[in-house]
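Below, each chain spelled out in residue letters.
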Amino acid sequence: MTPYARRGVHGQTVETLARRVLSGEIPEGATLDLVALQSELDVSLTALRESLKVLAAKGMVDARQKRGTFVRARADWNLLDADVLRWQFAGGTSSGADLGLLHNLGEVRGIIEPATVRLAAERRTDADLAALDAALTAMGRSVDGEGGEAAHAVEADLAFHRALLAATHNELLERMEMVIESGLAHRDEIVHSSPHGEDPVPSHRAVLDAVRAQDQDAAEHAMRALLDQAVRDLDKVHGTPKTKGSEAK
């Protein structure tokens with residue numbers, strides 16, 4: 001689940017095509033005019049075809065004899081792919097569709113993270129605790145204004161949740177990092193760029209304290225409280241109520 005490299009003309013072409021498909025600018029079922037796209041994007045036909053292979057691997061397009069290259073139905077897209085998630089969030093417009101995706105990802109995280117933190121509390125090592133401590137310290141510096149702009153707060157939050165997944169010592173759960181981080185990063189960019197969010201440090205510290213004490217029940221309770229705070233933060237920014245527990249921090 002390594003993210004697609006976004007380098008050079010090839011990477012830019014992949015991103016452009018992906019965003020057009022995901023936004024509906026190129027709708028489901030549409031047949032692509034490769035000659036027109038080649039001219040518009042100013043790339044070789046070979047480069048265009050190579051870019052489309054990336055999208056085909058993610059279930060977004062396909063090619064058939066007599067029909068040509070076409071956009072597959074959304075039901076066929078690999079929506080949990082880290083690149084597909086990132087492409088959907090690209091631009092940070094906070095549109096209705098954008099917030100809907102945040103809501104959906106929040107529900108997924110609301111299922112995964114309370115269970116994750118229970119395992120982390122049971123299995124954490126000293127190295128795991130050190131990683132969590134470092135992330136929380138970085139988060140505190142960002143809140144206090146020592147870490148710079150919102151980007152530092154986002155990275156600290158990502159590092160904390162990444163460390164929690166690692167502390168489960170479950171390879172499959174650790175791979176959920178790419179799914180969780182895509183939504184979390186976008187949500188954090190919205191909230192941490194606003195003056196309305198609550199201080200994230202106390203809620204994260206409560207999770208860490210419970211994990212350190214290996215108290216699974218307290219860890220789950222603290223995580224659910226953290227998720228509830230995240231709902232409030234997003235509500236304050238957008239003024240649109242969400243279902244309790246629907247968005248993760």
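For the structure given in this document, a descriptive report is provided here. (Residues numbered from 1 in each chain as written. Predicted model: local features only at pLDDT ≥ 70, side-chain atom pairs only at ≥ 80, totals over all residues. Heavy atoms only, no water.)

1. Details of the overall build of the protein
Per the secondary structure count, the protein includes 11 helices and two strands. Sequence-ordered secondary structure for the protein, helices as α and strands as β, is α-α-α-β-β-α-α-α-α-α-α-α-α. Per-residue burial over the protein gives 46% buried out of 249 residues. Long-range contacts, defined here as pairs at least 24 residues apart, represent 69% of the contacts in the protein between residues at least 6 apart. (Helix = DSSP H or I, 4+ residues; strand = E, 2+ residues; numbered from the N terminus. Buried < 20%, exposed > 50% of the residue type's maximum accessible area, 1.4 Å probe, protein only. Contact = heavy atoms within 4.5 Å.)

2. Thoughts on helix H10 (residues 201-212)
Relative to the 16 Å expected for 12 residues at 1.5 Å per residue, H10 spans 16 Å between its end C-alpha atoms, a close match to the ideal helical length. Regarding H10, the residues found buried are Val201, Ser203, His204, Val207, Leu208, Ala210 and Val211. Just downstream of H10 lies Gln214, where phi reads positive at about 55°. (Expected span 1.5 Å × (residues − 1).)

3. Considering the environment of Thr16
Inspection of the secondary structure assignment puts Thr16 in helix H1 (residues 8-23). In this structure the C-alpha to C-alpha distance between Thr16 and Ser51, which are 35 residues apart in sequence, comes to 9.8 Å.

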